[in-house]
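Secondary and tertiary structure notes
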Amino acid sequence: MIGPDPQSWTWPRGETRDEKAAGRGGEDMDVEEALVSLQLCYNTEVLFLDSWEELTEHVCAVTKALAKRPFKRLTDGGELPFCAEGSWAAGVRVERDGAGLGQVWTRQIQQLNRVSAAVAGAVSAAHPSPQLLLKAYREAASERDRKGLLADLPVRTGDRERRVGPDVSARLYRHFSTDNPQLVLD
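Residues numbered from 1 in each chain as written. Predicted model: local features only at pLDDT ≥ 70, side-chain atom pairs only at ≥ 80, totals over all residues. Heavy atoms only, no water.

This paragraph deals with a negative patch on the surface. There is a patch of like negative charges on the surface, built from Asp 50, Glu 53, Glu 54 and Glu 57. If you trace the backbone, Glu 54 turns up in helix H3 (residues 52-76). For Glu 54, a relative accessible area of 33% puts it in the partly exposed group. (Patch = residues over 30% accessible without salt bridge, like charges linked within 9 Å, V, L, I, M, F, W, Y side chains within 5 Å. Areas by Shrake-Rupley, 256 points an atom, 1.4 Å probe, with all protein chains shown as cover. Salt bridge = Lys/Arg side-chain N within 4 Å of Asp/Glu carboxyl O. Lys, Arg positive; Asp, Glu negative; His and termini not counted. Charge placed at Lys NZ, Arg CZ, Asp CG, Glu CD. Helix = DSSP H or I, 4+ residues; strand = E, 2+ residues; numbered from the N terminus. Buried < 20%, exposed > 50% of the residue type's maximum accessible area, 1.4 Å probe, protein only.)

Now the structure itself:
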C-alpha cells in the first residue's frame, strides 16, 4: 500500500478498500480498523511511507538485515556477548553463615580490567575482605606505600610464581580509594 490516500490502497487478492468493506456488511472501516484487520487476519504490518524513495530505502534495509541473519545466527551462538561462560556465570551462593563471601570478593576483584583469577586470588588471600584491604590502605604511611601495598604479593599460576606488580597494585588502590564516580579505570 503506497500513498496517504486510503481509497487507493489495495488489499490482498486485488480487492480495493471499498470492496472489502462491502464484503463485511457495508460498514466503512477507518484506518485503525484496517490496520488491526491486516495485523490479525493477514499477519501483516503496515508502514506508512510518503514516497517511492522511502519505500526503496526500507526494502533495501530489510533485505540487508535478512541477508545478515544466517551469519549472525552462526556467530552469536545464542549466548549474550557480555555474559561469562562456565562456573563464572553461575554466580556464587552465599550462605547465612557467610560461607561463599570470600569467593564473591575474589570475583569482584577479578572484574577489574586486566586482573586475572590468579591475581584476584592472591589479593583476596592476603586481604580476605574489602574492609581489611581498606584498613590496610588507611594504615599505610604514605600515598606511595598505599599504591604499592599489593605490588609484592606472590601470584602462583601453575608452577610459575610472579608478583602482582606496581601497575595492578596502583589501579586497585585507585579503584578502592577514589571518591570520583566519573573516574575511568583503564
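This paragraph deals with the nonpolar core. A general trend in soluble globular proteins is that nonpolar side chains are found buried together. If you look at the biggest cluster of nonpolar residues, it comprises 17 residues, and the most contacted ones within it are Ile 109, Val 115, Val 119, Val 123, Leu 150 and Leu 172. For this core, the elements supplying multiple residues, two or more each, are helix H5 (101-110), helix H6 (117-126), helix H7 (130-139) and helix H9 (166-177). Residue contributions to this core peak at four residues, all from H6. Setting aside residues no more than four positions away along its own chain, Val 119 makes contact with Val 155, Arg 162, Val 164 and Val 168. (Core = buried A, V, L, I, M, F, W, Y, C linked by side-chain atoms within 4.5 Å. Contact = heavy atoms within 4.5 Å.)

Next up on the list: unusual backbone geometry. Negative phi is the rule for most residues except glycine; trans is the rule for most peptide bonds. A positive phi angle, near 50°, is found at Asn 43, a position not held by glycine. Relative to the assigned elements, Asn 43 resides in the loop between helix H2 (31-42) and H3. Within the chain, Arg 114 stands out as a residue other than glycine whose phi angle is a positive 60°. If you trace the backbone, Arg 114 turns up in the loop between H5 and H6.

Where strand E1 (residues 154-157) meets strand E2 (residues 160-163), four bridges bridge the pair, whose relative direction is antiparallel. Of the residues in E2, the one forming a bridge with Pro 154 is Arg 163. (Pairing = 2+ DSSP bridges.)

The subject of this paragraph is H9. Across its twelve residues, H9 extends 16 Å between first and last C-alpha, which sits within 8% of the 16 Å expected from 1.5 Å per residue. Considered for burial, the residues of H9 that qualify are Val 168, Ser 169, Ala 170, Arg 171, Leu 172 and Tyr 173. Buried residues along H9 sit against H5, H6, H7 and helix H8 (143-147). (Expected span 1.5 Å × (residues − 1).)

Function cannot be inferred from these measures alone, as they are strictly geometric.
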